[in-house]
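# Structure at a glance
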Amino acid sequence: MKILINRQVIIASFVAGCIFGAFFKVVENLTGSRVYTLLLNVDYIPIIKNFRFPEVIEFIFHLIISWLITAVLCAIRNKYKWNNSKLMRNSVLIQIFIGCMLFPTTIFSKRTPIITDYFALSWWLIGHVVYGALIGILLKRKNS
């Protein structure tokens, strides 16, 4: 529980989550590929899918998920005593895995890209690599 209120976790998750969201918003605005819409999408979550939330609330949901993912990654880093290079590599790999697991949720929404949209999938995975790298950088230890 202490890891959730760790200052480094809170800052890293907020900064990386905001950059991640902004990256997808720019990509969506420039290309029309609905990756930002997918990032904020909750159409696959029972009960919550029945509500329409303002974008700012959906973005807060995104930041909460970012915070939880960052806290788990930090806890794993501490448990296995990852050095900075392992942290960076594993952070990126974990985010690629998460991106691959989430992209198929597009089948539950008419607002998100279709599952065979490889252009959107490419942007989606690039964004997850960027996010993983940002989390890795922001969670680095000074003496590692």
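Whatever comes next refers back to the structure up there.
Small disclaimer: the values here were computed from a predicted structure and weren't measured.

Rules used throughout
Note on numbering: residues in each chain are counted from 1, in written sequence order. Totals for whole chains, interfaces and linings use every residue, but because this is a predicted model, local features are given only for residues with pLDDT of at least 70 and side-chain atom pairs only at 80 or more, for both listing and counting. Values reported for side chains reflect all heavy atoms of the structure, with hydrogen atoms and water molecules removed beforehand. Patch membership needs two things, relative accessible area over 30% and no salt bridge, and members are linked within 9 Å if like-charged or within 5 Å if nonpolar (Val, Leu, Ile, Met, Phe, Trp, Tyr). Shrake-Rupley sampling with a 1.4 Å probe provides the accessible areas, and residues are treated as covered by the protein chains on show and by no other component. Throughout this description, the term salt bridge denotes a Lys or Arg side-chain nitrogen within 4 Å of a carboxyl oxygen of Asp or Glu. Secondary structure is summarised from DSSP: a helix means a run of H or I of at least four residues, a strand means a run of E of at least two, and numbering begins at the N terminus for each. Here, axes are lines fitted to C-alpha atoms. For helices the fit covers the stretch in contact, and angles between N-to-C directions go from 0 to 180 degrees. Angle categories are assigned with fixed cut-offs, so that under 35 degrees is roughly parallel, over 145 is roughly antiparallel, 65 to 115 is roughly perpendicular, and the rest are oblique. A crossing counts as left-handed when the near helix is turned anticlockwise from the far one by less than a right angle, and as right-handed when that turn is clockwise. Whether two residues touch is decided by their heavy atoms; if any such pair falls within 4.5 Å, the residues are in contact. Amino acids are sorted into nonpolar (Ala, Val, Leu, Ile, Met, Phe, Trp, Tyr, Cys and Pro), charged (Asp, Glu, Lys and Arg) and polar (every other residue, Gly among them). Ring pairs shown here join Phe, Tyr and Trp side chains whose ring centres sit within 6.5 Å, with only the six-membered ring taken for Trp; geometry is labelled stacked below 30 degrees between planes, edge-to-face above 60, and tilted in between. Relative accessibility thresholds used throughout: buried, under 20% of the residue-type maximum; exposed, over 50%; partly exposed, between the two (1.4 Å probe, protein chains only).

### Thoughts on a nonpolar patch on the surface
A cluster of nonpolar residues, Val56, Ile57, Ile60, Ile64, Ile65 and Leu68, forms a patch on the protein surface that exposes about 480 Å² of accessible area. Relative to the elements of secondary structure, Ile57 occurs in helix α3 (residues 55-80).

### What to know about the packing of helix α1 (residues 7-31) against α3
Axis separation between α1 and α3 bottoms out at 8 Å; the angle between their running directions is 130 degrees. As judged from the angle between their axes, α1 and α3 are oblique. Regarding α1 and α3, the two cross each other, and that crossing is right-handed. Contacts between α1 and α3 involve Gln8, Val9, Ile10, Ala12, Ser13, Phe14, Gly17, Cys18, Phe20, Gly21 and Lys25 on the former and, on the latter, Glu55, Phe59, His62, Leu63, Ser66, Trp67, Thr70, Ala71, Cys74 and Arg77. For the contact of α1 with α3, the per-class residue count stands at 11 nonpolar, seven polar and three charged.

### A closer look at the packing of aromatic side chains
This structure, assessed with the given rule, holds eight aromatic pairs. Their ring planes at 50 degrees and their centres at 5.7 Å tell us that Phe23 and Phe24 sit as a pair that is tilted. Aromatic side chains Phe51 and Phe53 sit 6.2 Å apart centroid to centroid with 40 degrees between the ring planes, which places their arrangement in the tilted category. You can call Phe51 partly exposed: its relative accessible area is 47%. Its relative accessible area of 25% is what places Phe53 among the partly exposed residues. Joined through ring pairs, the aromatic side chains of Phe20, Phe23, Phe24, Phe119, Trp123, Trp124 and Tyr131 make up one cluster.

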